[in-house]
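# Analysis of the macromolecular model
Chain by chain, the residues:
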Amino acid sequence: MLFSKYRNITRYIIVAASFVIISLILWNTFVFFQHFKEEQRQKMDIWALAQTEFQKNMLEDDVNPMVSRVLISKNDNQIVVINAEGAIGLTNNVEERYLKNDASTKRLIANLEAENKPIELSYIDPKTNQKINDGYLYYGNSPLINKLKYYPLALLLIIILFGAVAYFFYRSTKIATQNKLWSGMAKETAHQIGTPLSSLIGWTEILKTEQVNPEYILEIEKDISRLQTITERFSKIGSLPKLEKADIVAETLESYDYLKTRSSKLIEFEISVPENPIYVKLNKQLFSWTIENLVKNAIDAMRGKGKLVITITQLEDNVKITITDTGKGLIRSQFNRIFDPGFTTKKRGWGLGLSLAKRIIEEFHNGKIYVLESEIDKGTSMQILLKTT
């Protein structure tokens with residue numbers, strides 16, 4: 001109990017620490033991005049000043065060499081200069097298709113303005129000492145900034161990916177632990193039942209010598225035989241069962257006859273099987289347990305009244321066993337969930353029957369079991385697929 005308590009605390013600490021680390025990484029990325037944007041803005045301010053100085057003195061011979069150097073320096077940004085008359089005065093890194101008509105040019109300007117606030121190109125006229133507006137400089141983000149702005153998204157995607165891997169690893173480990181627990185419980189149950197069962201067999205032999213009504217002894221022997229079958233099933237669940245060549249038609253008919261005689265008379269049973277035997281690698285006890293689980297679930301779904309049909313169909317390399325009922329049906333989202341341990345649509349139940357059937361068919365017999373079709377208030381068809389020998 002103490003270990004479980006500290007384990008939960010450790011788990012919460014790890015989750016909280018992960019959240020803090022992720023938050024710090026994202027915050028630093030945001031700060032880094034804003035720093036780059038500010039540097040880019042300063043660079044564009046210098047470029048705008050150089051452009052204004054060049055425009056002011058381009059008719060003169062004494063243009064500052066530093067101005068020329070700034071203007072011809074490498075610049076990866078998209079730049080569009082709109083002069084005071086509203087016409088395009090200069091462009092940089094802009095494809096020709098964006099300038100072919102007014103509509104495409106307006107879209108380009110709008111996109112650049114959305115990325116960065118335009119810079120006013122202006123200077124003070126030394127003669128009049130007035131501010132002269134020479135237009136605006138529109139610029140887009142550099143390729144480096146465009147790549148950097150997707151970095152947090154990529155980081156989050158990687159974190160989610162690692163989280164998903166950790167979750168599925170934890171989940172698979174938990175399922176494996178649960179399977180070991182159920183296997184251990186099944187084996188222990190078989191062992192516990194074995195002791196009183198041996199005593200019951202001995203007491204039955206004593207009763208035979210005591211002139212007890214033979215009909216009573218016969219019924220006791222039937223129950224003992226049933227307990228032996230259950231014990232054998234549980235012992236096989238706890239270990240890898242041995243598969244033997246068996247006629248699946250005969251085994252299904254045996255389970256069918258047993259269930260039919262012990263079910264409500266309000267259930268209409270029907271079976272359709274081939275006349276010839278179909279041989280598969282089978283563990284008889286576990287297969288009959290699977291059929292019983294499927295039939296009992298079908299009867300519960302019909303609330304004790306309806307029609308149940310079992311059909312066996314032989315294919316080229318496989319055999320299909322289909323169990324169809326006229327019960328309450330399932331919604332599509334439950335087709336796979338009904339095989340999860342603990343999942344049940346009944347008010348009372350452990351939700352282990354179908355998960356057990358799935359394990360028997362898929363893990364022990366290398367077959368498949370699935371919901372073939374289902375419709376609310378009309379019924380469900382479950383199907384088992386096994387390879388023939």
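Below you will find a few notes about this structure. Here the structure is a predicted model, which is why all the values come from computation and not from measurement. (Residues numbered from 1 in each chain as written. Predicted model: local features only at pLDDT ≥ 70, side-chain atom pairs only at ≥ 80, totals over all residues. Heavy atoms only, no water.)

Scanning the entire structure with this criterion turns up four aromatic pairs. Centre to centre, the rings of Tyr167 and Phe168 are 5.4 Å apart; their planes meet at 65°, and the pair counts as edge-to-face. Here the aromatic rings of Tyr256 and Phe269 are separated by 5.9 Å at their centres, their planes lie at 75°, and the arrangement is edge-to-face. Separated by 13 residues along the polypeptide, Tyr256 in helix H7 (residues 248–261) and Phe269 in strand S6 (residues 267–272) bring together distant segments of the chain. Above the ring of Tyr279, the side-chain terminus of Lys245 is found at 5.1 Å from the ring centroid. Taking NZ or CZ as reference, Lys358 lies 5.1 Å from the ring centre of Phe339, over its face. (Phe/Tyr/Trp six-rings, centres within 6.5 Å; stacked < 30°, edge-to-face > 60°. Helix = DSSP H or I, 4+ residues; strand = E, 2+ residues; numbered from the N terminus. Lys NZ or Arg CZ within 6 Å of the ring centre and 35° of its normal.)

Within the largest apolar cluster, 36 residues are counted, with the highest numbers of intra-cluster contacts made by Ile248, Val295, Leu308 and Leu386. With six residues, helix H8 (residues 284–301) is the single largest residue contributor to this core. Ignoring sequence-local partners within four residues, the contact set of Leu386 consists of Ile248, Leu282, Phe287, Asp317, Asn318, Val319, Ile321, Ile361, His365 and Gly367. Residues Met44, Ala48, Leu121 and Leu137 belong to the second largest nonpolar core, which totals nine residues. (Core = buried A, V, L, I, M, F, W, Y, C linked by side-chain atoms within 4.5 Å. Buried < 20%, exposed > 50% of the residue type's maximum accessible area, 1.4 Å probe, protein only. Contact = heavy atoms within 4.5 Å.)

Looking now at H7. Compared with the 20 Å implied by 1.5 Å per residue over 14 residues, the 20 Å span of H7 between its first and last C-alpha is a close match. Of the residues flanking the start of H7, the one acting as N-cap is Asp247, its side-chain oxygen 3.1 Å from the backbone nitrogen of Val249. (Expected span 1.5 Å × (residues − 1). Polar contact = N/O pair within 3.5 Å; in protein donor to acceptor, adjacent residues only side chain to side chain.)

Right, let's get into a nonpolar patch on the surface. Together, Phe19, Val20 and Leu24 give the surface a local cluster of nonpolar side chains, amounting to about 310 Å² of exposed area. You can see Val20 is positioned in helix H1 (residues 2–57). The class of Val20 is partly exposed, set by a relative accessible area of 44%. (Patch = residues over 30% accessible without salt bridge, like charges linked within 9 Å, V, L, I, M, F, W, Y side chains within 5 Å. Areas by Shrake-Rupley, 256 points an atom, 1.4 Å probe, with all protein chains shown as cover. Salt bridge = Lys/Arg side-chain N within 4 Å of Asp/Glu carboxyl O.)

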